[in-house]
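# Working through the structure, step by step
Residue-level listing of the chains:
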Amino acid sequence: MTNDVPLSPSTEAPTPTTKTLVHLVRHGEVFNPKRVLYGRLDGYHLSELGREMAELTSQWLAPRDITYLVSSPLERAQETAAPLAEKLDLPVVLDPRVIEAGNDFEGLTVGSNPKQLLQPRFWPKLVNPLRPSWGEPYQEIAERMYTAILDARDAAAGHEAAVVSHQLPVWTARRFAEGKRLWHDPRSRECTLASVTTIEFTGDEITGVQYAEPAGRLLPNSTQSVGA
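Attention in this report is confined to the structure presented alongside it. If you're wondering where the values come from, they're calculated on a predicted model, not measured in any experiment.

## Some remarks on helix 3 (residues 138-155)
Taking 1.5 Å per residue, 18 residues should reach 26 Å; helix 3 reaches 26 Å between its end C-alpha atoms and fits that length. Of all the residues in helix 3, the buried ones are Tyr-138, Ile-141, Ala-142, Arg-144, Met-145, Tyr-146, Ala-148, Ile-149, Ala-152, Arg-153 and Ala-155. The inward-facing, buried residues of helix 3 abut strand 2 (19-26), strand 3 (66-71), strand 5 (160-165), helix 4 (167-177), strand 6 (196-202) and strand 7 (205-212).

## So, the pairing of strand 2
Burial within strand 2 is extensive, with seven of its eight residues counted as buried. In this structure, strand 2 lies alongside strand 6, joined through seven bridges in antiparallel fashion. Paired with Leu-24 across the bridge in strand 6 is Thr-197. Of the strand pairs in this sheet, strand 2 and strand 5 are connected by six bridges, and their pairing is parallel. Among the inter-strand pairings, Val-22 is bridged to a residue of strand 5, identified as Ala-161.

## Looking at the packing of helix 1 (residues 48-61) against helix 2 (residues 75-88)
In contact at an axis separation of 8 Å, helix 1 and helix 2 are set at 35° when each is read in the N-to-C sense. Helix 1 and helix 2 meet at a crossing whose hand is right-handed. Side by side, helix 1 and helix 2 meet where Arg-51, Ala-54, Glu-55, Ser-58, Gln-59 and Leu-61 of the first sit next to Glu-79, Thr-80, Pro-83, Leu-84 and Lys-87 of the second. Residue composition of the contact of helix 1 with helix 2, by class: four nonpolar, three polar and four charged.

## Some points on the nonpolar core
Counting residues in each nonpolar core, the largest one holds 27 residues, and the members touching the most others are Val-22, Leu-24, Tyr-68, Ile-149 and Val-163. Elements represented by at least two residues in this core include exactly strand 2, strand 3, helix 3, strand 5, helix 4 and strand 6. Broken down by element, the residue count for this core peaks at nine residues, all from helix 3. Each residue touching Ile-149, except ones within four places of it in the same chain, is listed here: Val-22, Leu-24, Ala-173, Ile-199 and Phe-201. Listed in part, the 15 residues of the second largest apolar core include Leu-61, Val-92, Ala-162 and Val-196.

## Regarding the side chain of Arg-153
In this structure, Arg-153 sits in helix 3. Given the relative accessible area of 8%, Arg-153 is considered buried. A distance of 3.5 Å separates a polar side-chain atom of Arg-153 from the backbone oxygen of Asp-204. Sequence-distant contacts of Arg-153, defined by excluding residues within four places in its chain, comprise Thr-20, Val-22, Phe-201, Gly-203 and Asp-204.

## Here we look at the pattern of salt bridges
Close approach of charged atoms allows side chains of opposite charge to pair. Applying the stated criterion across every chain, the model contains 14 salt bridges. A salt bridge links Arg-40 to Glu-136, with the nearest nitrogen and oxygen atoms 3.2 Å apart. With Arg-40 in the loop between strand 2 and helix 1 and Glu-136 in the loop between strand 4 (92-94) and helix 3, this pair connects stretches of sequence that are 96 residues apart. Glu-136 gets classed as buried once you look at its relative accessible area, which sits at 14%. In this structure, Glu-178 and Lys-180 form a salt bridge, with 3.4 Å as the shortest nitrogen-oxygen distance. What makes Glu-178 partly exposed here is its relative accessible area of 30%. Put simply, Arg-174, Glu-178, Lys-180 and Glu-190 are held in one network by salt bridges that share partners.

Analysis parameters
- Residues numbered from 1 in each chain as written.
- Predicted model: local features only at pLDDT ≥ 70, side-chain atom pairs only at ≥ 80, totals over all residues.
- Heavy atoms only, no water.
- Helix = DSSP H or I, 4+ residues; strand = E, 2+ residues; numbered from the N terminus.
- Expected span 1.5 Å × (residues − 1).
- Buried < 20%, exposed > 50% of the residue type's maximum accessible area, 1.4 Å probe, protein only.
- Contact = heavy atoms within 4.5 Å.
- Pairing = 2+ DSSP bridges.
- Axes fitted to C-alpha atoms, helices over the stretch in contact; angles between N-to-C directions.
- Left-handed = near helix turned anticlockwise from the far one by under 90°.
- Nonpolar A, V, L, I, M, F, W, Y, C, P; charged D, E, K, R; others polar.
- Core = buried A, V, L, I, M, F, W, Y, C linked by side-chain atoms within 4.5 Å.
- Polar contact = N/O pair within 3.5 Å; in protein donor to acceptor, adjacent residues only side chain to side chain.
- Salt bridge = Lys/Arg side-chain N within 4 Å of Asp/Glu carboxyl O.

Following this line, the structure appears as structure tokens:
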């Protein structure tokens, strides 16, 4: 079941010693045989392998004290959240703040044909990788993700929340939480398919960041290299 209305306030008021975990889950593998950079496009669903990944991650998370579940509105994220929602018997709150990053190359098959970017019409989009100039600025991604994370923390105060999102938003949120610069080499992202990045709060303060790959054994079977 999904719910796209604003979150309800927590019944447990946060205190300086309240510990709350927010798990940022990347969706599983997407069926994308043409290797399109699909971004925010509709119609991209989990592959059979992606559904297996979502199931493994849901099994890993289900025993935890998760009381609040959020998903990006894109299909692949909702499909990743579904098995966890079923196990926890929780509604899924759709939050557009955790959607995939905007990208001006959306719809191109740059994964299989990167030479497309050599076309002169794309050159103005490639001038500033630190912003980046081809899409949504890292700072804007960090700000929208972090406000969603704080709302999830407050809704699950004293317990745990899970937020199903996408690689770049999750990685940007992690770097923001760790106080690191936001621009980076995409090849350095520690955020594999169906992975879990956990931000620990004590009261309002971030007191730790952890990372896990519950579906790690399936990663060698994946061919996904573009999209997020």
